[in-house]
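These are the residues of each chain, in order.
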Amino acid sequence: MSRDIEARRARESEMVTEMIGLYCRAHHGKTGALCPECAALADYARARSARCPRMAEKTFCSSCPHPCYAPAMREGIRRVMRWAGPRMLLRHPVWALRHVANTLRHKWRPHRSEEIA
Ligand SMILES: [Zn+2]
């Protein structure tokens, strides 16, 4: 079991890094490295994944019923997820569908009134 959890942990780190990369390229015009703000967010997200004690019961931090992100980082990652989520569906359909199923199970409701920057 723990090997499976470690695989999920690695996968989550990989996906969050990719999503932030997509977001940064589209919004901040970066083609290579992330901008400082996105790099900080990616580091933070990876650090949270590395320490997450709930890896077995969630597929991703944004669908976790017990989020551990600091408020500012949580806003940042949610903005990235909202924008990058639909794009990940095309790039990684199996992973994305699994995530959507998990998200629905936790009844996460998107805030449609919030503007996507
Ligand atoms: Zn950026």
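Remember, predicted model here, so these are calculated numbers, not experimental data. Residue positions within a chain follow its written sequence, with the count starting from 1. Residues qualify for local features only when their pLDDT is at least 70, as the model is predicted, and side-chain atom pairs are given and counted only at 80 or more; totals for whole chains, interfaces and linings, by contrast, use all residues. Hydrogens are left out, water is left out, and the side-chain values use all remaining heavy atoms of the structure.

## Side note on the overall build of the protein chain
Here is step 1: Secondary structure elements follow DSSP: runs of H or I of four or more residues count as helices, runs of E of two or more count as strands, with numbering from the N terminus. The number of helices and strands found in the protein chain is 4 helices and 0 strands.
Here is step 2: In what follows, a contact means two residues having at least one pair of non-hydrogen atoms within 4.5 Å. Contacts spanning at least 24 positions in sequence make up 74% of the contacts within the protein chain whose residues lie at least 6 apart.
Here is step 3: As presented, the protein chain carries roughly 7200 Å² of accessible surface, and 57% of it is formed by carbon and sulfur atoms. Under the convention used here, a 1.4 Å probe and the Shrake-Rupley method define accessible areas, while residue burial counts only the protein chains that appear.

## Description of the side chain of Ser 13
Here is step 1: In this fold, Ser 13 is placed in helix α1 (residues 2-28).
Here is step 2: Partly exposed describes any residue whose relative accessible area lies between the buried limit of under 20% and the exposed limit of over 50%, with all areas from a 1.4 Å probe on protein chains only and scaled to the type maximum. You can call Ser 13 buried: its relative accessible area is 17%.
Here is step 3: When sequence neighbours within four positions are dropped, the list of residues in contact with Ser 13 reads Arg 46 and Ser 49.

## Observations concerning the coordination of the zinc ion
Around a metal, the perfect tetrahedron of four donors has angles of 109.5 degrees, and the perfect octahedron of six donors has angles of 90 or 180 degrees.
Here is step 1: Within the protein, the atoms that donate to the zinc ion are Cys 24 (SG), His 28 (ND1), Cys 35 (SG) and Cys 38 (SG), at distances of 1.8 to 2.3 Å.
Here is step 2: The rule for donors is simple: an N, O or S atom within 2.8 Å of the metal counts, and for Na, K and Ca the reach is 3.2 Å. Water is not among the atoms, so a site may look short of donors. In these descriptions, tetrahedral denotes four donors with every angle between 85 and 135 degrees, square planar four donors and octahedral six donors with opposite donors over 155 degrees apart and the rest between 65 and 115, and irregular any other case. Coordination at the zinc ion is tetrahedral, judged from the 4 donor atoms that bind it and the angles of 105 to 120° they form at the metal.
Here is step 3: Counting residues between consecutive donors of the zinc ion along the chain gives the motif C-x3-H-x6-C-x2-C.

## Considering α1
Note that an α-helix has 3.6 residues per turn; residues three or four places apart therefore point the same way.
Here is step 1: By this rule the span expected of a helix is its residue count minus one, scaled by 1.5 Å. The terminal C-alpha atoms of α1, which comprises 27 residues, lie 38 Å apart, in line with the 39 Å expected from a rise of 1.5 Å per residue.
Here is step 2: For α1, the complete set of buried residues consists of Ile 5, Arg 9, Glu 12, Ser 13, Met 15, Val 16, Met 19, Ile 20, Gly 21, Leu 22, Tyr 23 and Cys 24.
Here is step 3: Within two residues after α1, Gly 29 carries a phi angle of roughly 65°, on the positive side.

## Notes on the pattern of salt bridges
Here is step 1: Any Lys or Arg side-chain nitrogen found within 4 Å of a carboxyl oxygen on Asp or Glu counts as a salt bridge. One pass over the full model with this rule turns up 5 salt bridges.
Here is step 2: We note a salt bridge from Glu 6 to Arg 9, for which the minimum N-O separation is 3.3 Å. Taken together, the residues span about one helical turn, with Glu 6 and Arg 9 both in helix α1 at a distance of 3 residues.
Here is step 3: Arg 9 sits in the buried class, given a relative accessible area of 16%.

## A few points about the packing of aromatic side chains
Aromatic rings considered in pairs are described by the distance between their centres and by the relative angle of their planes.
Here is step 1: Between the rings of Phe, Tyr and Trp (Trp by its six-membered ring), a pair exists once the centres lie within 6.5 Å; its type follows the angle of the planes, with under 30 degrees stacked, over 60 edge-to-face, and the other angles tilted. Summed over the entire model, instances satisfying the criterion amount to 2 aromatic pairs.
Here is step 2: Ring-over charges, as used throughout, are those where CZ of Arg or NZ of Lys falls within 6 Å of the ring centre and within 35 degrees of the ring normal. It is Arg 87 that lies over the ring of Trp 83; its NZ or CZ is 3.8 Å from the centre.

## Digging into the packing of α1 against helix α3 (residues 71-91)
Here is step 1: Lines fitted to C-alpha atoms define the axes here, with helix axes fitted over just the stretch in contact, and angles between the N-to-C directions of these axes take values from 0 to 180 degrees. For the pair α1 and α3, the least separation of the axes is 9 Å and the interaxial angle reads 100°. When the interaxial angle is binned, α1 and α3 end up roughly perpendicular. For the pair formed by α1 and α3, the contact residues are Met 15, Val 16, Glu 18, Met 19, Ile 20, Leu 22, Tyr 23, Ala 26 and His 27 on the first element and Ile 77, Arg 79, Val 80, Met 81, Trp 83, Ala 84, Gly 85, Arg 87, Met 88 and Arg 91 on the second.
Here is step 2: Classifying every residue of the contact of α1 with α3 gives 13 nonpolar, 2 polar and 4 charged. For classification, angles of less than 35 degrees are called roughly parallel, those exceeding 145 degrees roughly antiparallel, those between 65 and 115 degrees roughly perpendicular, and all remaining angles oblique. Basically, the charged four are Asp, Glu, Lys and Arg, the nonpolar ten are Ala, Val, Leu, Ile, Met, Phe, Trp, Tyr, Cys and Pro, and anything else, Gly included, counts as polar.

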